[in-house]
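Close look at the chain arrangement
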Amino acid sequence: MRVKKWAVFVLAFLLLLSGCSNEKKEKEPVKKEKTVTQTETKQPEEKPVDPYFYPLTGVGSETSTDTRAVAVMINNHPKARPQSGLTKADLIYEILAEGDITRFLAVFQSEKPKNIGPVRSARDYYIFLAKGLNALYIAHGYSPEAKKLLNSNYIDNLNGMVYDGTLFKRSKTRKAPHNSYITYENILKGAKQKKYSMEKGPAAFTFLTEEETKNITGAEAKSVKIKYSNGGISNSKFEFDAVTGKYKRFSGDELMVDLDTKEPMLVDNIFIVEAKHRFIDSYGRREIDFESGGKAYLLQKGKVNQVEWKNMNGEIVPVKNGVEVPLVQGKTWINVVPTDPGLEKSISLNK
């Protein structure tokens, strides 16, 4: 009996130990295995490079940009302001016509404004510049020298003297000669009628990359005034806008805007060149030397550099030490001032 009692005691003791062991296991927290996640390092996405770019602005395009430029003579008389279409121009030349009034040669290639004007009469030196860009030349009227060039088919052209009331329309809100306008649609229509090709764009300017543009150096030039006469009828001013990184243009003290869209004129490059002017008749018409080159200023991103200008196959480009100076991608305004009085007396730069 004593053996049986001892066996029962041992069995009970073992069962007690087993129960305690199980209770201890139940109270122990379940340990989770750590999941090791490998963090992937994302590489910065590279901006895709456009296969094409516009030759007069350097701005990229996904589609071909090899289309013909259109160069339009634009009136700058105070009675012609504000003008239409100029904010869409890739390149604008501003040059004296008669007296102290300038005219614009607005060159369109990357953008096509709906309405352009007021259109004014041709001068031979504007025709030479348009020819250098392989542009279709648009004007309303002409000087004797310009008429000879146009009649000789020196350049493909459409003139309001032939198409007044058809391709060219007169605005009822202005008086002649400040009221002639043409639409881009009518320019293309006229080119088709005359069987002018609208293919083959102008030779491309040299442009800075976006990274190079951030590192432009030069003297501070937050604004520049261009003086054409003491009367001031064509005097203008450009002011740098740090927010947009572009220059706003003012005719006198009035901000230049588009008549139809009210958009301000914004420019990326201001190229001011000095060229020889010579009067050729009693009416005050001029001959301007665009072959010899000379002194110039180039303003970009609030900086100014003294450079030279050179005619390279018909295009007026900035050069330094014989090498073409790249432009900032965007729109360019070229002011031409006479060697007499010259750059120093015609231009006022402000820091």
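Residues numbered from 1 in each chain as written. Predicted model: local features only at pLDDT ≥ 70, side-chain atom pairs only at ≥ 80, totals over all residues. Heavy atoms only, no water.

Attention shifts here to the overall build of the protein. A tally of helices and strands in the protein yields 7 helices and 25 strands. Partitioning the contacts of the protein with sequence separation of at least 6, the portion at a separation of at least 24 is 63%. (Helix = DSSP H or I, 4+ residues; strand = E, 2+ residues; numbered from the N terminus. Contact = heavy atoms within 4.5 Å.)

This part is about the nonpolar core. With 42 residues, the main nonpolar core has Ile 138, Ile 272 and Leu 299 as its most contacted residues. Once residues within four sequence positions are removed from consideration, Ile 272 is found in contact with Val 224, Ile 226, Lys 295, Ala 296, Tyr 297, Leu 299, Asn 335, Val 337, Leu 343 and Ile 347. (Core = buried A, V, L, I, M, F, W, Y, C linked by side-chain atoms within 4.5 Å. Buried < 20%, exposed > 50% of the residue type's maximum accessible area, 1.4 Å probe, protein only.)

As enumerated under the stated definition, the model contains 6 aromatic pairs in all. Ring centres of Phe 104 and Trp 333 lie 5.2 Å apart, and the angle between their planes is 75°; on these two criteria the pair is classed as edge-to-face. Of this pair, Phe 104 sits in strand 5 (residues 102-108) while Trp 333 sits in strand 24 (residues 332-338), and the two are 229 residues apart along the sequence. A relative accessible area of 0% means that Phe 104 is categorised as buried. Judged by its relative accessible area of 1%, Trp 333 is buried. Taking the centre distance of 5.9 Å and the plane angle of 90° together, the rings of Phe 128 and Tyr 154 count as edge-to-face. Separated by 26 residues along the polypeptide, Phe 128 in helix 2 (residues 124-132) and Tyr 154 in the loop between helix 3 (144-151) and strand 8 (157-159) bring together distant segments of the chain. For Phe 128, a relative accessible area of 39% translates into the label partly exposed. Grouped by ring-pair contacts, the aromatic residues Phe 104, Phe 238 and Trp 333 constitute a single cluster. Positioned over the ring face of Tyr 154 is Lys 131, at 5.1 Å from the centre of the ring. Just above the ring of Phe 250 sits the side chain of Lys 237; from NZ or CZ to the centre is 5.1 Å. (Phe/Tyr/Trp six-rings, centres within 6.5 Å; stacked < 30°, edge-to-face > 60°. Lys NZ or Arg CZ within 6 Å of the ring centre and 35° of its normal.)

Glancing now at the pattern of salt bridges. This model, assessed by the stated rule, comprises 16 salt bridges. Salt-bridge contacts for Lys 303 lead to Glu 220; the nearest nitrogen and oxygen are separated by 2.4 Å. You can see Lys 303 sitting in strand 21 (residues 303-312) and its partner Glu 220 sitting in strand 11 (residues 219-220), a full 83 residues away along the chain. Its salt-bridge partner being Asp 241, residue Lys 248 comes within 3.8 Å of it at the nearest N-O pair. On the basis of relative accessible area, Asp 241 is assigned to the buried category, the value being 17%. (Salt bridge = Lys/Arg side-chain N within 4 Å of Asp/Glu carboxyl O.)

A sheet is described by the order of its strands in space; here 3 strands give the open sequence 6-10-9, paired in antiparallel fashion. If you trace the sheet from one side to the other, it starts and ends with strand 6 (115-116) and strand 9 (168-170), each paired once. As judged from the 2 bridges shared by strand 6 and strand 10 (residues 180-183), these two strands associate in the antiparallel manner. Bridged to Ile 116 within strand 10 is Ile 182. Relative to strand 10, helix 5 (residues 184-193) is tilted by about 75°, and along the sheet it contacts strand 6 and strand 10. (Pairing = 2+ DSSP bridges. Axes fitted to C-alpha atoms, helices over the stretch in contact; angles between N-to-C directions.)

Among the residues of helix 3, Ala 146, Leu 149 and Leu 150 are the ones counted as buried. Buried positions in helix 3, seen along its axis, are confined to an arc of 95° and lie on one side of it. Summarising the geometry of helix 3, the exposed residues directed more than 90 degrees from the buried face are Lys 148 and Asn 151. Where helix 3 is buried, its residues touch helix 2, strand 7 (136-139) and strand 8. Asn 153 occupies a position one or two residues after helix 3 and carries a positive phi of about 60°. (Arc of directions from axis to C-beta.)

Moving on, we get to the confidence of the model for the protein. Mean pLDDT over the protein stands at 90; residues scoring 70 or higher make up 87%. Low pLDDT (under 50) marks residues 1-39, which in the prediction has 0 contacts with non-local residues, meaning those over four places away or in another chain. (pLDDT = per-residue confidence, 0-100.)

In this section: unusual backbone geometry. What you tend to see is this: most non-glycine residues have negative phi, and most peptide bonds are trans. The omega torsion across Gly 117 and Pro 118 is -5°, close enough to zero to call that bond cis. Relative to the helices and strands, Pro 118 is located in the loop between strand 6 and helix 2. With an omega of 25°, the peptide bond running from Asp 340 to Pro 341 counts as cis. Its location among the elements puts Pro 341 in the loop between strand 24 and helix 7 (343-346). Backbone geometry at Asn 153 places phi at a positive 60°, although glycine is not the residue there.

So, on to a nonpolar patch on the surface. Among the surface-exposed residues, Tyr 142, Met 161 and Val 162 lie close enough to one another that they form a single nonpolar patch of about 300 Å² accessible area. Within the fold, Val 162 resides in helix 4 (residues 160-163). Judged by its relative accessible area of 63%, Val 162 is exposed. (Patch = residues over 30% accessible without salt bridge, like charges linked within 9 Å, V, L, I, M, F, W, Y side chains within 5 Å. Areas by Shrake-Rupley, 256 points an atom, 1.4 Å probe, with all protein chains shown as cover.)

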